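# A closer look at the structure
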Amino acid sequence: MSERVESAEVALMTEIASLYYVEGETQEAIANRLGISRVKAGRLLKRAHAEGIVDVRVRQHPAVSAEIEQALIRRFGIKRALIALDNTEPDVQRSGVASLVADHLSRELHDGSIVAVGMGRNVGSVADNVFEQGERKCSFVCAIGGSLRAGEYMNPDHICRRLAMKYGGESETLYAPALVQNPALRDSMYENPTVRQTLDRARRADIAMIGVGDLSEDSNMVRMGWFTPQEIAEARLSGTVGDMMGYDFIDMHGRPSETPMQGRVIGLTITDLARIPDVVAIASENTKAAGILGALRTGVIDTLATSVTNAHTILRLDEATTSTAS
């Protein structure tokens, strides 16, 4: 196909998409108006989706999740809950949760804002779901070091860059590995001026976006080779239910876990997060309810973004474990 023909088809797809989605025309009316068959109009509309000319977003009505959001706010004293409808496809579910966070970010960001950015698929998905751009002179700062095994998509450095590109802001890399061999080496890395400077800036953030991890053999930490399945199993037996941003392992009550995995990651700690005005915890997977509950009980989470199923499970778990404790 020649460049001229290809350009003409792109223009035709764009016109069809505009007539269908903006003007509200039917496919039959569009076909008659443009002198093409209805089948061809439908085919070109599908191509417009596939090639990114059309990007359809379905926003749930606030009433759909308002009741459960308020229940979470009352129960845990958080500022807000962003609850996405359930979807059986993990990628679609992740995107649904991330789009709510992206909308929240777009509302809250202003010139001079600093956002501390964590690691993981859920945090990375936020950058993919920013559509209401509008240039802002804000900064996205890595809140944890990087990992070659994590790949570009999940690394905070690349997430910061994608967010900065969307908003026209700037990004700052934390020049340190995410994981080191032992707490002593981590403490030594904290003394490095370059590492200290970036972490100090992340500590002054207005917003922090972090993931909540679960302790499964299929977790990111195992896939990246940070910890072995045996270490994960031993941590579970000791009462660990999850982690916040890849470290700071916690039990069901939000207390630090007694596990050898603790204290080896370079990044913001729970104490650091407690000083940030809006800590956004993002977790879409239904395996993470216990970890999310532990994270909420630390008292540092301000905004929770998750699914309807997780929200219901968290509330039931909280009630059951509180009753048991009392």
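For the structure, see preceding data.
Being a predicted model, the structure only gives us computed values, none of them experimental. Counting restarts for each chain: residues are numbered from 1 in the order of the written sequence. For a predicted model such as this one, the threshold for reporting local features is a pLDDT of at least 70, and the threshold for listing and counting side-chain atom pairs is 80 or more; totals across whole chains, interfaces and linings nevertheless cover every residue. To obtain the side-chain values, all non-hydrogen atoms of the structure were used and water was disregarded.

### Things to note about the packing of helix α6 (residues 121-128) against helix α8 (residues 156-167)
Geometry of a packed helix pair, given as the angle between the helix axes and the separation of the axes. Stated precisely, the cut-off is as follows: The angle between two axes is taken between their N-to-C directions and runs from 0 to 180 degrees, where each axis is a line fitted to C-alpha atoms and a helix contributes only its stretch in contact. For helices the rule is a DSSP run of H or I covering at least 4 residues; for strands it is a run of E covering at least 2, with both sets numbered from the N terminus onward. Convention used here: angles under 35 degrees read as roughly parallel, angles over 145 as roughly antiparallel, angles from 65 to 115 as roughly perpendicular, and any remaining angle as oblique. Note on convention: the crossing is left-handed when the near helix lies turned anticlockwise from the far helix by less than a right angle, right-handed when the turn is clockwise. Between two residues, a contact is recorded if the distance between any of their heavy atoms is within 4.5 Å. Each residue gets one label: Ala, Val, Leu, Ile, Met, Phe, Trp, Tyr, Cys and Pro are nonpolar, Asp, Glu, Lys and Arg are charged, and the others, such as Gly, are polar.
It is the contact of α6 with α8, at a shortest axis distance of 9 Å, that shows an interaxial angle of 20°. Considering their axes alone, α6 and α8 lie roughly parallel with respect to each other. Handedness of the α6/α8 crossing: left-handed. On α8, the residues that touch V123, G124, A127 and D128 of α6 are I159, R162, L163 and K166. In terms of residue class, the contact of α6 with α8 is built from 4 nonpolar, 1 polar and 3 charged.

### Overview of the pattern of salt bridges
Quick note on the threshold: Salt bridges are defined as contacts in which a side-chain nitrogen from Lys or Arg sits within 4 Å of a carboxyl oxygen from Asp or Glu. Burial classes: relative accessible area under 20% of the type maximum marks a residue as buried, over 50% as exposed, and values in between as partly exposed (1.4 Å probe, protein chains only).
This model, assessed by the stated rule, comprises 17 salt bridges. Between R201 and E172 there is a salt bridge, with its nearest N and O atoms 2.7 Å apart. In this pair, R201 is assigned in helix α10 (residues 193-203) and E172 in strand β4 (residues 170-172), connecting sequence segments 29 residues apart. Here R203 ties to D272 by a salt bridge, and the two come within 3.1 Å at their closest N and O atoms. One end of the pair, R203, is in helix α10; the other, D272, is in helix α13 (residues 270-273), and 69 residues separate them in sequence. For R203, a relative accessible area of 29% puts it in the partly exposed group. For D272, a relative accessible area of 8% corresponds to the buried category. Look at the salt bridges and you will find they share partners, linking D91, R94, E285 and K288 into a network.

### Comments concerning the environment of E231
Within the secondary structure layout, E231 lies in helix α12 (residues 229-237). According to the relative accessible area criterion, E231 is partly exposed, its value standing at 27%. C-alpha separation for the pair E231 and L215, spaced 16 residues apart in sequence, amounts to 9.8 Å.

### Section: the pairing of strand β5 (residues 207-214)
Rule in force here: Note: two strands are recorded as paired if DSSP finds a minimum of 2 bridges between them.
Of all 8 residues in β5, 8 are buried; the element is thus mostly enclosed. The side-chain alternation of β5 yields two buried faces, one formed by I207, M209, G211 and G213 and the other by A208, I210, V212 and D214. Relative to β5, strand β2 (residues 114-117) runs parallel, the two being bridged by 3 bridges. Residue pairing in the sheet places A116 in a bridge with A208 of β5. Judged from the 5 bridges that link them, β5 and strand β8 (residues 278-282) form a sheet pairing that is parallel.

### So, the packing of aromatic side chains
For the record, the criterion: Only Phe, Tyr and Trp rings are paired, with Trp represented by its six-membered ring, and only when their centres lie within 6.5 Å; those with planes under 30 degrees apart are stacked, over 60 edge-to-face, the remainder tilted.
A full pass over the atoms with the stated rule returns 1 aromatic pair. Seen in terms of ring centroids, F140 and Y167 are 5.9 Å apart; in terms of plane orientation they differ by 25°. Their pairing is stacked. With a gap of 27 residues between them, F140 in strand β3 (residues 139-142) and Y167 in helix α8 connect regions that are remote in the sequence. When sorted by exposure, F140 lands in the same class as Y167, which is buried.

### Thoughts on the pairing of β2
Because side chains alternate across β2, one face comprises the buried residues I114 and A116, and the other comprises V115 and V117, equally buried. In this structure, β2 lies alongside β3, joined through 4 bridges in parallel fashion. Paired with A116 across the two strands is V141, which belongs to β3.

### A look at the environment of S284
For the record, the criterion: Counting of polar contacts relies on pairs of N or O atoms within 3.5 Å, with two restrictions inside protein: one atom must be capable of donating a hydrogen and the other of accepting it, and residues adjacent in sequence are counted only when both atoms are side-chain atoms.
Secondary-structure assignment places S284 in the loop between β8 and α14 (289-297). Classification of S284 by relative accessible area gives buried; the value is 3%. Residues S284 and V92 lie 192 residues apart in sequence; the distance between their C-alpha atoms is 9.7 Å. The residues contacting S284, other than those within four sequence positions of it, are Q93, R94, V97, N122, S307 and N310. One polar contact links S284 to N122, side chain to side chain, over a distance of 2.8 Å.

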